[in-house]
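# Remarks on the overall topology
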Amino acid sequence: MTHAIKSAHLPTHVLGKQVKRSRVTQPAPDTVVTTLLGEGGREMMHFVTTVTPDGTGSRVATEIAIPEGVKERLDEAVAKDPMANYAMNLMHVVAREHVVAAIEGRPFDMTLGNPKAEVAMQMNPEMRAQIEEANKAASDMAKQEQQMHFSQSYGNDWGDSGSSTGDGWGD
């Protein structure tokens, strides 16, 4: 299950212009951390997912962790603007959908389970097709941008990203 979560693509384009890409790490065998990165690779938020065996299945819990510095600015924004609080609540929905879609092996639901959006798309199949096409294009672009950033940072093969400390890696 952690493999599915680690492998899932988070469509960062649904998160607004502040989030540029995401990074996935697995600090423990039962924990996957999806980090939302802003300009210059600044860590903005973490989706911390823990998978715990439970009988014949597993319990999955996802929490949002906010790095120091960012948390203070976010707390100030929430105190001043109700929309910031709404955006933070929406982030919990995004984190949950990201993990559930990964576990179920399906694409991320861009409607985030909004019943009104679902009804509108059922009534107008052309609208659904247009939305799915737009989201696929935006998602593909986000994936390409992340791959380009990775290639620029680490090169196109492992040798380009190796150490230069004389340990033989990357030589």
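This structure is a prediction, so every number in the text was calculated from the model and none was measured.

## Side note on the overall build of the protein
Within the protein, the secondary structure is distributed over five helices and four strands. When the elements of the protein are put in sequence order from the N terminus, they spell out α-β-β-β-β-α-α-α-α. Pairs at least 24 apart in sequence give 35% of the contacts found in the protein among residues at least 6 apart. In the structure as shown, the protein presents an accessible area of about 11300 Å², 55% of it carried by carbon and sulfur atoms.

## Some details on the sheet that holds strand β1 (residues 21-28)
Spatial ordering of the open sheet is given by β1-β2-β3-β4, a layout of four strands whose pairing is antiparallel. Pairing within the sheet leaves two strands with one partner each, and these edge strands are β1 and β4 (57-65). Each strand axis lies, on average, 20° off the axis of its neighbour in the sheet, ignoring direction. The pairing of strand β3 (residues 43-54) with β4 spans nine bridges and is classified as antiparallel. The partner of P53 across the bridge, within β4, is S58. Together, β2 (31-37), β3 and β4 form the strand contacts of helix α3 (residues 82-104), whose direction differs from that of β4 by roughly 150°.

## Some thoughts on the confidence of the model for the protein
For the protein, the mean per-residue pLDDT works out to 81, and 85% of the residues sit at or above 70. Below a pLDDT of 50 lies the segment residues 158-171, which in the model reaches seven contacts outside its immediate sequence neighbourhood of four places, other chains included.

Criteria and cut-off values
- Residues numbered from 1 in each chain as written.
- Predicted model: local features only at pLDDT ≥ 70, side-chain atom pairs only at ≥ 80, totals over all residues.
- Heavy atoms only, no water.
- Helix = DSSP H or I, 4+ residues; strand = E, 2+ residues; numbered from the N terminus.
- Contact = heavy atoms within 4.5 Å.
- Areas by Shrake-Rupley, 256 points an atom, 1.4 Å probe, with all protein chains shown as cover.
- Pairing = 2+ DSSP bridges.
- Axes fitted to C-alpha atoms, helices over the stretch in contact; angles between N-to-C directions.
- pLDDT = per-residue confidence, 0-100.

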